[in-house]
Amino acid sequence: MDIIYFIIIGALAGWLAGLIWKGSGFGLIGNIITGIVGALIGGWVAGQLGWFGDGGFIYQVLIAAAGALVILFILKLIKG
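What counts and how
- Residues numbered from 1 in each chain as written.
- Predicted model: local features only at pLDDT ≥ 70, side-chain atom pairs only at ≥ 80, totals over all residues.
- Heavy atoms only, no water.
- Helix = DSSP H or I, 4+ residues; strand = E, 2+ residues; numbered from the N terminus.
- Rg over C-alpha atoms; globule rule 2.2 N^0.38 Å.
- Buried < 20%, exposed > 50% of the residue type's maximum accessible area, 1.4 Å probe, protein only.
- Contact = heavy atoms within 4.5 Å.
- Core = buried A, V, L, I, M, F, W, Y, C linked by side-chain atoms within 4.5 Å.
- Axes fitted to C-alpha atoms, helices over the stretch in contact; angles between N-to-C directions.
- Parallel < 35°, antiparallel > 145°, perpendicular 65-115°, else oblique.
- Nonpolar A, V, L, I, M, F, W, Y, C, P; charged D, E, K, R; others polar.
- Expected span 1.5 Å × (residues − 1).
- Arc of directions from axis to C-beta.
- Phe/Tyr/Trp six-rings, centres within 6.5 Å; stacked < 30°, edge-to-face > 60°.

Enquirer: I tried to follow the overall build of the protein on my own but got confused; where do I start?
Expert: From N to C terminus, the protein includes three helices and zero strands. Scanning the protein from its N terminus toward the C terminus, one meets helices and strands in the order α-α-α. At 12 Å, the protein has a C-alpha radius of gyration in line with the 12 Å of a compact globule built from 80 residues. For the protein, the spread of C-alpha atoms along the three principal axes comes to 35 × 30 × 15 Å. Split into buried and exposed, the 80 residues of the protein put 30% on the buried side. Contacts in the protein between residues at least 24 apart in sequence constitute 76% of all its contacts with a sequence separation of at least 6.

Enquirer: What is the right way to read the nonpolar core from this model?
Expert: Note that soluble globular proteins tend to have their nonpolar side chains buried in a common cluster. Formed by I9, A13, A39, V61, A64 and A65, the largest nonpolar core amounts to six residues. Put simply, the parts of the chain that give this core at least two residues each are α1 (2–20) and α3 (57–79). With three residues, the single largest contributor to this core is α3. Beyond its immediate stretch of four places on either side in the chain, A64 contacts I9, A13, G35, G38 and A39.

Enquirer: Looking at this structure, I do not really get the packing of helix α2 (residues 27–49) against α3. What am I missing?
Expert: Two measures define how a pair of helices packs: the angle their axes make with one another and the distance between the axes. It is the contact of α2 with α3, at a shortest axis distance of 6 Å, that shows an interaxial angle of 105 degrees. With respect to α3, the element α2 is oriented roughly perpendicular. Touching T34, G35, V37, G38, A39, I41, G42, G43 and A46 of α2 are Y59, I63, A64, G67, A68, V70, I71 and L72, all from α3. Along the lines of polarity and charge, the residues of the contact of α2 with α3 split into eleven nonpolar, six polar and no charged.

Enquirer: Is there a simple way to explain α1 in this structure?
Expert: Think of an α-helix as 3.6 residues a turn; residues three or four steps apart then line up on the same face. Here α1 is 19 residues long and its end C-alpha atoms lie 27 Å apart, about the 27 Å a rise of 1.5 Å per residue gives. Along α1, the residues that are buried comprise I9, G10, A13, G14, A17 and G18. Taken down its axis, α1 places every buried residue within 160 degrees of arc, on the same side. Along its buried surface, α1 packs onto α2 and α3.

Enquirer: Would you explain the packing of aromatic side chains in this entry?
Expert: Two descriptors summarise a pair of aromatic rings, namely the distance from one centre to the other and the angle between the planes of the rings. One pass over the structure, following the stated rule, counts two aromatic pairs. On the numbers, 6.0 Å between centres and 55 degrees between planes, the contact of Y5 with F57 is tilted. Remark: F57 occurs in helix α3 and Y5 occurs in helix α1; sequence separation between them is 52 residues. For F57, a relative accessible area of 35% translates into the label partly exposed.

If you want it as structure tokens, here you go:
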């Protein structure tokens with residue numbers, strides 16, 4: 001059940017990051033992957049900064065979306 005929850009968080013985070021960063025949507029699967037990788041990066045950065053929050057659903061989506069935005073920024077730098 002945890003994997004389904006993680007996929008839902010990833011999908012929402014990827015979709016939200018795609019909305020914020022115009023023109024960076026990758027479709028459903030791409031958004032899920034971007035959101036999951038973003039969740040890993042966002043969780044690591046939040047932990048390093050001491051932002052543990054209460055771990056609620058909204059907090060997790062926002063942290064994952066922030067990480068997904070970092071991924072999109074790095075992809076933009078690579079693409080040029």
